[in-house]
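# Observations on the model geometry
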Amino acid sequence: LQTMALMPLHTKMAASHVLLSQMGVNARVPLRPFTAAAKTARIGIEQAHVCCAFPQHRLQCASVQRVPRVQNVGRRQTVKVAAQAGEDDQPQPRDATETAISVGLGLLWAAILGYAFTLSPNQTPYRDQYFLEKLVGLGSQTTEINPVFFALFNIMGVYPALYAAILNPSARSRTKVPLAPFLALSFGAGVFALLPYFALWAPLPKSQQQLPPKSELGLVRKGLESRVLPALLLAASVYLIGMASTAGDQAWLGYIQQFDESRFVHVTSIDFCLLTAFLPFWIANDAAYRKWQYQDSAAFLGLIPLIGPAIYLLLRPRSE
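Everything numeric in this text was worked out from a predicted model, so none of it was measured. (Residues numbered from 1 in each chain as written. Predicted model: local features only at pLDDT ≥ 70, side-chain atom pairs only at ≥ 80, totals over all residues. Heavy atoms only, no water.)

Across its full length, the protein holds 14 helices and two strands. Within the protein, buried positions represent 37% of all 320 residues. Look at the contacts in the protein between residues 6 or more apart in sequence, and 69% of them connect residues 24 or more apart. (Helix = DSSP H or I, 4+ residues; strand = E, 2+ residues; numbered from the N terminus. Buried < 20%, exposed > 50% of the residue type's maximum accessible area, 1.4 Å probe, protein only. Contact = heavy atoms within 4.5 Å.)

Printed below as a string of structure tokens:
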């Protein structure tokens, strides 16, 4: 400083700025000739406005920047946020309500399974065999199938496709239970294959409920997200419902009689009713997952067998 007193004025100014900058950056304790004020840590850098204490030089205040002593605050916050995100990815235990629902659905599945194989009517086992062979194309051409039951049997092939489009991806489970095996089995076993998944299912955390971009979808998922599939399902549903509706009184009386006698017809009819009953919940769940603006009224479409779910699939938001 004594040397600086002998320098020209412009040299003094340059040297003092350099000196202040170096002292402000490297100092770990407050400097006696200077006073620190107005500290800011928004971006992790502390700004200290220091003023020269030598009135004879009348140097203007200079702003210097120095790294704060605690530099790991932002790092700790980042680690904390990452830890919270990791906790969301970990499977969370079921609460009491979810456990009760799971137990109830498991008992329902066991009860229906036991009823279907032990208590349901089975007065015409040979005729059931003929019906099944005829429906899969192996039976005699002279075997007549009730048109109402023929429509119902084909409807049971439409419902699994509707469920596949509605459950994917919104019904992915927090418990990491895979959905695909249950969907594949539902094309042959209907609700008997889906009920175990419903019992094991737990909703995803809110942070994970978002649609993946369209570019990340596989071939199957793109097909389930397209409007082509629900359009075909809607056309098939209208045709099959029309077939059953126009079958006539004798056909309906024959179906009611077969429902009382045939295990095949009886269990298929119960399967249809259960698949219809579960759809409003899963439609509401899918609408909430996609954050659809009409999600409050989406569940009502599930109350219309076949046609309502197909219309929902046509209207719901899609991956972009």
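Don't stop here, the text continues.
With that out of the way, let us pick up the environment of Y239. Relative to the elements of secondary structure, Y239 occurs in helix α10 (residues 228-245). Y239 gets classed as exposed once you look at its relative accessible area, which sits at 56%.

Further remarks concern the pattern of salt bridges. Tallying each qualifying case throughout the model produces six salt bridges. Note that R127 is salt-bridged to E261, the shortest N-O span being 3.1 Å. Note that R127 is positioned in helix α5 (residues 125-135) and E261 in helix α11 (residues 249-261), a separation of 134 residues in sequence. For D286, the salt bridge goes to R316, with nearest N and O atoms at 3.1 Å. Within this pair, whereas D286 is found in helix α12 (residues 263-289), its partner R316 is found in the segment after α14 (307-315), the two being separated by 30 residues in sequence. (Salt bridge = Lys/Arg side-chain N within 4 Å of Asp/Glu carboxyl O.)

Bringing the packing of aromatic side chains into the picture now. In the structure shown here, the tally under the stated rule is 15 aromatic pairs. Between F182 and Y197 the ring centres are 5.4 Å apart and the planes differ by 50°, which places this aromatic pair in the tilted class. Note that F182 is positioned in helix α7 (residues 180-189) and Y197 in helix α8 (residues 191-200), a separation of 15 residues in sequence. Judged by centre distance (4.9 Å) and plane angle (80°), the ring pair of F281 and W282 falls under edge-to-face. Members of the aromatic cluster, connected to one another through ring pairs, are Y159, Y163, F198, W201, F272, F278, F281 and W282. (Phe/Tyr/Trp six-rings, centres within 6.5 Å; stacked < 30°, edge-to-face > 60°.)

What follows is about the side chain of S269. Checked against the element boundaries, S269 lands in helix α12. Using a relative accessible area of 6% as the deciding quantity, one classes S269 as buried. Here the side chain of S269 touches V265 through a polar contact of 2.8 Å, landing on its backbone oxygen. If sequence neighbours within four positions are ignored, S269 has contacts with L152, Y255 and F259. (Polar contact = N/O pair within 3.5 Å; in protein donor to acceptor, adjacent residues only side chain to side chain.)

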